[in-house]
Amino acid sequence: MEEKKTKIFIMNILPLSDPLLLGNYLSDISEERQEKVRRLKTAQAKAMTTGAELLLRKALRQNYDINQPLTIVKGEHGKPRIQGCPGIHFNLSHSGDYAVCAVSSHPVGVDIQKMAEPNLKLAKRFFATKESDWLFSLPADQQRQAFYDLWVIKESFMKYTGKGFGLPMNAFAAKILGHYPDDVEIKINQDEKTESVVLKKYDYLDNYALWCCSDHNQFEENLGWVVIKEKSIE
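So, a few notes on the structure that sits alongside this text.

### Section: the side chain of His 216
Residue placement: His 216 occurs in the loop between strand 11 (208–214) and strand 12 (224–226). We classify His 216 as buried; its relative accessible area is 10%. Engagement of the side chain of His 216 in a polar contact is seen with the side chain of Thr 6, the distance being 3.1 Å. For His 216, the residues in contact, after removing those within four places along its chain, are Lys 4, Thr 6, Ser 104, His 106 and Val 198.

Structure below.
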């Protein structure tokens, strides 16, 4: 299969909170996910679950010209993959009004988080000691952004490995080199070695942190915006 750069697709899923619009799209997702949507209680949860699969399907059509129904299976640690397409990797995340999907020829992890006022005490509970020390060494006006950057960096790496939260957050450390918050390089250290991964920040959304992790540095610079309309997505 042709080598592809890692690309991030993004969708504002808020329009799918409208039950009528949601109903227009339910038949476009898998029966398994339709059943999950029916079990969910809130309009936002239904919109997130539906939007994530719609986004994946759009990403695969655009990047790989795949239009047939998808069979999603889970790997050893629960990370989803596309059955019969070993050369295509993807990962999904959602928070606030947005869902994101990373697609790549390489293993990939992506995470997005809407930023609120964080409970910084969580840093000492979940982060490695070196990470929390770095966080609290920053000026107070940078700590909110830094907390979310660290959280999203760590989740994107955990998802990249395929282990998710099976890999504890404090089992590895992200070292942020350079002049934060701009022009930084991330190193992931685990078991006294530096992991061969690259982390890419997408700084296009106010009040959101968005990072992607892969084992190569071939990333598309721009996000692929997908728009929900009354009858179709573009």
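### Concerning the pairing of strand 1 (residues 7–12)
Each regular strand displays side chains that alternate between the two surfaces of the sheet. Counting buried positions over the six residues of strand 1 gives five, a clear majority of the element. Taken together, the six bridges between strand 1 and strand 5 (residues 98–104) define a ladder with antiparallel strand orientation. Bridging from a neighbouring strand, Ile 10 pairs with Val 100 of strand 5. Taken together, the three bridges between strand 1 and strand 12 define a ladder with parallel strand orientation. In the sheet register, Phe 9 faces strand 12, and the bridge partner there is Gly 224.

### A short note on the packing of aromatic side chains
In the structure shown here, the tally under the stated rule is eleven aromatic pairs. Measuring from centroid to centroid gives 5.6 Å for Phe 126 and Trp 151, while their planes differ by 75 degrees, and the two rings are edge-to-face. With Phe 126 in helix 4 (residues 121–126) and Trp 151 in helix 6 (residues 140–161), the pair connects residues that are 25 residues apart, well separated along the chain. Judged by relative accessible area, which is 28%, Phe 126 ranks as partly exposed. On the basis of relative accessibility, which here comes to 16%, the residue Trp 151 falls in the buried class. Measuring from centroid to centroid gives 5.4 Å for Phe 147 and Tyr 148, while their planes differ by 85 degrees, and the two rings are edge-to-face. Here Phe 147 and Tyr 148 have matching classes, each one buried. Joined through ring pairs, the aromatic side chains of Phe 126, Phe 127, Phe 147, Tyr 148 and Trp 151 make up one cluster. Above the face of the Phe 172 ring, Lys 154 is positioned so that its terminal group lies 3.9 Å from the ring centre. The ring of Tyr 202 has Lys 200 sitting right over it, with the charged end atom 5.7 Å from the ring centre.

Cut-off values and rules
- Residues numbered from 1 in each chain as written.
- Predicted model: local features only at pLDDT ≥ 70, side-chain atom pairs only at ≥ 80, totals over all residues.
- Heavy atoms only, no water.
- Helix = DSSP H or I, 4+ residues; strand = E, 2+ residues; numbered from the N terminus.
- Buried < 20%, exposed > 50% of the residue type's maximum accessible area, 1.4 Å probe, protein only.
- Polar contact = N/O pair within 3.5 Å; in protein donor to acceptor, adjacent residues only side chain to side chain.
- Contact = heavy atoms within 4.5 Å.
- Pairing = 2+ DSSP bridges.
- Phe/Tyr/Trp six-rings, centres within 6.5 Å; stacked < 30°, edge-to-face > 60°.
- Lys NZ or Arg CZ within 6 Å of the ring centre and 35° of its normal.

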